[in-house]
Amino acid sequence: MLVAFSVAPLGAGESVTESVADAVRIVRESGLPNRTDAMFTTIEGEWDEVMDVVRRATEAVGRHGNRVSLVLKADIRPGHTGELDGKVERVEARLALD
């Protein structure tokens, strides 16, 4: 499964860089395939392992304030792996045909 999520403290001031870095550090240390962009971090793995990482990342952000915003989107497709890159590669291949 793929899970794209964004987590940030509420009421922690204008910049959330430090808290987001704490969350991304947990994702990267998990060893699961992942990618971070300007808005979301996407992680790939089995349900329990992915949700555990999201929980720990959310808890890390929570240490920066007393309220946390979490946005999560999941693509649950049993039996498929490598989709973090595979989905993008298929779109790029289709665009190359134009």
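Source: prediction; values computed, not measured.

## As for empty space enclosed by the protein
Applying the stated rule across the entire model yields 1 cavity of 30 Å³ or more. Empty space within the largest cavity amounts to approximately 40 Å³. Lining of the largest cavity is provided by Met1, Leu2, Glu44, Asp75, Arg77, His80 and Glu83. Of the residues that constitute the lining of the largest cavity, the class distribution is 2 nonpolar, 1 polar and 4 charged.

## Considering the sheet that holds strand E1 (residues 2–9)
Sheet architecture is open: 4 strands sit in the order E2-E3-E1-E4, paired in antiparallel fashion. The open sheet is flanked by strand E2 (34–36) and strand E4 (68–75), the only strands paired with a single partner. Strand-to-strand twist across the sheet, computed as the mean angle between neighbouring axes with direction ignored, equals 15°. Note: E1 against E4, 8 bridges, orientation antiparallel. Residue pairing for E4: serine 6 is matched across the bridge by valine 71. Where helix H2 (residues 47–62) meets the sheet, its contacts fall on E1, strand E3 (41–44) and E4, and the angle it forms with E1 comes to roughly 10°.

## Notes on the pairing of E1
Of all 8 residues in E1, 6 are buried; the element is thus mostly enclosed. Both E1 and E3 contribute to a ladder of 4 bridges, which runs antiparallel. Residue pairing in the sheet places leucine 2 in a bridge with glutamate 44 of E3.

## Quick look at the side chain of threonine 42
Tracing the backbone shows threonine 42 in strand E3. Overall, the relative accessible area of 19% leaves threonine 42 in the buried class. Those residues in contact with threonine 42 that sit more than four places away from it in its chain are Leu2, Val3, Ala4, Pro33, Asn34, Arg35 and Leu84.

## Looking at helix H3 (residues 83–96)
Over its 14 residues, H3 runs 19 Å from end to end, which matches the ideal 20 Å to within 8%, given 1.5 Å per residue. Taken as a whole, H3 has its buried residues at Glu83, Leu84 and Gly86. Close packing links the buried residues of H3 with E1, E2 and E3.

## Re the environment of alanine 21
Looking at where alanine 21 falls in the secondary structure, it is placed in helix H1 (residues 17–29). When its relative accessible area of 31% is taken as the criterion, alanine 21 is described as partly exposed. Taking the C-alpha atoms as reference points, alanine 21 and valine 61, 40 residues apart in sequence, are found 8.9 Å from one another.

## Side note on the packing of H1 against H2
At a minimum axis distance of 8 Å, the contact between H1 and H2 shows a crossing angle of 155°. Relative to H2, the element H1 lies roughly antiparallel. The way H1 lies across H2 gives a crossing that is right-handed. In this structure, H1 contributes Ser19, Asp22, Ala23, Ile26 and Val27 to the contact, and H2 contributes Val53, Arg56, Ala57, Ala60 and Val61.

Rules of the game
Residues numbered from 1 in each chain as written. Predicted model: local features only at pLDDT ≥ 70, side-chain atom pairs only at ≥ 80, totals over all residues. Heavy atoms only, no water. 1 Å grid on protein atoms, 1.4 Å probe; cavity = no way out; pocket = protein on both sides within 12 Å on 5 of 7 lines; lining within 4 Å. Points joined across faces, edges and corners; volume = space filled by probe spheres on them. Nonpolar A, V, L, I, M, F, W, Y, C, P; charged D, E, K, R; others polar. Pairing = 2+ DSSP bridges. Helix = DSSP H or I, 4+ residues; strand = E, 2+ residues; numbered from the N terminus. Axes fitted to C-alpha atoms, helices over the stretch in contact; angles between N-to-C directions. Contact = heavy atoms within 4.5 Å. Buried < 20%, exposed > 50% of the residue type's maximum accessible area, 1.4 Å probe, protein only. Expected span 1.5 Å × (residues − 1). Parallel < 35°, antiparallel > 145°, perpendicular 65-115°, else oblique. Left-handed = near helix turned anticlockwise from the far one by under 90°.

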